[in-house]
Amino acid sequence: MNDEQAPLRGSAAALEPAALADPSAPFTQAGARGQVNEEPAPASSLTQAGARGQGQGGAASASSLSLTQRLLAWVREFIQFGMVGATAYIVDAGLFNLLQHGPLGVLAGHPNTAQFVAAATATLYSWIANRLWTYRGRTQENATREAILFFFANACGIGITQFCLLFTHHILGYTSALADNIAAYVVGFALGTAFRFFFYHYVVFTGHTRA
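Attention in this report is confined to the structure presented alongside it. (Residues numbered from 1 in each chain as written. Predicted model: local features only at pLDDT ≥ 70, side-chain atom pairs only at ≥ 80, totals over all residues. Heavy atoms only, no water.)

1. Considering the overall build of the protein chain
Where we set the bar: Numbering of helices and strands starts at the N terminus; helices are DSSP runs of H or I of at least 4 residues and strands are runs of E of at least 2. For every residue, the accessible area (1.4 Å probe, protein chains only) is compared with the maximum for its type, and the residue is labelled buried under 20%, exposed over 50%, or partly exposed between those bounds. The contact definition used throughout considers only heavy atoms, calling two residues in contact when any of these lie within 4.5 Å. Using a 1.4 Å probe, the Shrake-Rupley method yields the accessible areas, and only the shown protein chains count as cover for residues.
Per the secondary structure count, the protein chain includes six helices and zero strands. Counted from the first residue to the last, the protein chain has its helices and strands arranged as α-α-α-α-α-α. Per-residue burial over the protein chain gives 23% buried out of 211 residues. Residue pairs at least 24 apart in sequence account for 67% of intrachain contacts in the protein chain once pairs closer than 6 positions are excluded. If you sum the accessible surface of the protein chain, you get close to 14600 Å²; carbon and sulfur atoms cover 67% of it.

2. Thoughts on the packing of helix H4 (residues 111-134) against helix H5 (residues 143-171)
What counts, and what does not: Here an axis means a line fitted to C-alpha atoms, over the contact stretch when the element is a helix, while the angle between two N-to-C directions is reported on a 0 to 180 degree scale. Angles are sorted into four bins: roughly parallel if under 35 degrees, roughly antiparallel if over 145, roughly perpendicular if 65 to 115, and oblique for all others. What makes a crossing left-handed is the near helix being turned counterclockwise from the far one by less than a right angle; a clockwise turn instead makes it right-handed. In this classification, the charged set is Asp, Glu, Lys and Arg, the nonpolar set is Ala, Val, Leu, Ile, Met, Phe, Trp, Tyr, Cys and Pro, and all remaining amino acids, among them Gly, are polar.
The contact between H4 and H5 brings their axes to 10 Å, and the two run at 125 degrees. Judged on the interaxial angle alone, H5 and H4 are oblique. Of the two possible hands of crossing, H4 and H5 adopt the one that is right-handed. Along the contact surface, H4 presents Ala 120, Thr 123, Leu 124, Ser 126, Trp 127, Asn 130 and Arg 131, while H5 presents Ala 143, Glu 146, Ala 147, Phe 150, Phe 151 and Asn 154. Classifying every residue of the contact of H4 with H5 gives seven nonpolar, four polar and two charged.

3. Quick word on the pattern of salt bridges
To keep things clear, this is the line we draw: By salt bridge we mean one thing: a side-chain nitrogen of Lys or Arg within 4 Å of a carboxyl oxygen of Asp or Glu.
Going through the model one piece at a time under the given rule, you end up with two salt bridges. Of the charged contacts in the structure, one is a salt bridge between Glu 77 and Arg 138, with a shortest N-O distance of 3.7 Å. One end of the pair, Glu 77, is in helix H3 (residues 43-101); the other, Arg 138, is in the loop between H4 and H5, with 61 residues separating them in the sequence. The shortest N-O distance in the salt bridge between Glu 146 and Arg 131 comes to 2.2 Å.

4. Notes on the side chain of Asn 130
Looking at the secondary structure, you find Asn 130 in helix H4. In this structure, Asn 130 is in contact with Phe 81, Val 84, Tyr 135, Arg 136, Phe 150, Tyr 200 and Phe 205, ignoring residues within four places of it in sequence.

5. Points about the environment of His 101
You can see His 101 is positioned in helix H3. In this structure the C-alpha to C-alpha distance between His 101 and Pro 111, which are ten residues apart in sequence, comes to 9.6 Å.

6. Quick word on the environment of Leu 99
Within the secondary structure, Leu 99 is located in helix H3. With 14 residues separating them in the primary sequence, Leu 99 and Thr 113 have C-alpha atoms 9.3 Å apart. Ignoring any residue separated from it by four or fewer positions in sequence, one finds Leu 99 in contact with Gly 105, Val 106, Leu 107, Ala 108, Ala 114 and Val 117.

7. With respect to the nonpolar core
For soluble globular proteins, the rule of thumb is that nonpolar side chains tend to be buried together. Rules: We define the nonpolar core as a collection of buried residues of types Ala, Val, Leu, Ile, Met, Phe, Trp, Tyr and Cys that are connected through side-chain atoms lying within 4.5 Å of one another.
Core analysis: the biggest nonpolar cluster contains twelve residues, these being Phe 81, Trp 127, Tyr 135, Ala 147, Leu 149, Phe 150, Ala 153, Phe 197, Phe 199, Tyr 200, Val 204 and Phe 205. Elements that contribute at least two residues to this core include exactly H5 and helix H6 (177-204).

8. Describing the layout of surface pockets
The condition is simple: Grid points spaced at 1 Å over the protein atoms alone were grouped into cavities, where a 1.4 Å probe fits but cannot get out, and pockets, open sets with protein on both sides within 12 Å along at least five of seven lines, with lining residues defined by an atom within 4 Å of a point. Grid points are joined across faces, edges and corners, and a volume is the space filled by probe spheres set on the points.
For the largest pocket, the calculated volume is near 960 Å³. Lining of the largest pocket is provided by 28 residues; of these, Tyr 89, Asp 92, Ile 158, Phe 189 and Arg 196 occupy positions nearest its centre. If you tally residues by element for the lining of the largest pocket, the top one is H3, at ten residues. In terms of residue class, the lining of the largest pocket is built from 15 nonpolar, eleven polar and two charged. When its volume is computed, the second largest pocket comes out at roughly 280 Å³. Lining the second largest pocket are Arg 70, Ala 73, Trp 74, Arg 76, Glu 77, Gln 80, Trp 133, Thr 134, Tyr 135, Arg 136, Arg 138 and His 201.

Written out as structure tokens, the structure is:
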């Protein structure tokens, strides 16, 4: 047994000087392991994180810009709608007075007929102007259907005005000229205009057939 243990002790003794000769070896390995653990995150991870941050910021900016653009589009559409309505009113009133009180007096003594012809002409003008200008690019392929919906919207607008006048004059009992004008041309006109604007936007001019 002593003879077998002697070579083992000799081998151990031979290994000890080698370990003493390079005492930094264990520390070097430990330091290497520490360096591996403390290595900075890969550049690709930082790039992806930055890209995600930029993407979120870009999405917020795009959303804000999109909201602003939609708001401006609504304002522009309402201004054009109002300008067409104003000129249609001039056509309506002007043609009525021309037919009723003009030099030719074509429909003199027939105010209802003159008003109907003037209103129909103004409505036709309004449809063409809105189709070619206000809602250009959103017109429908079926122009007949679009025209029917447009005239229906205007008829509903007139009905709203008539209801306001009927309600104040015959139900509430306000029969003065001022009350009639406020009911018809302030409250009724405002409600009828709002109805026509949204009806045009969501029902009449909903196509995407023209640029």
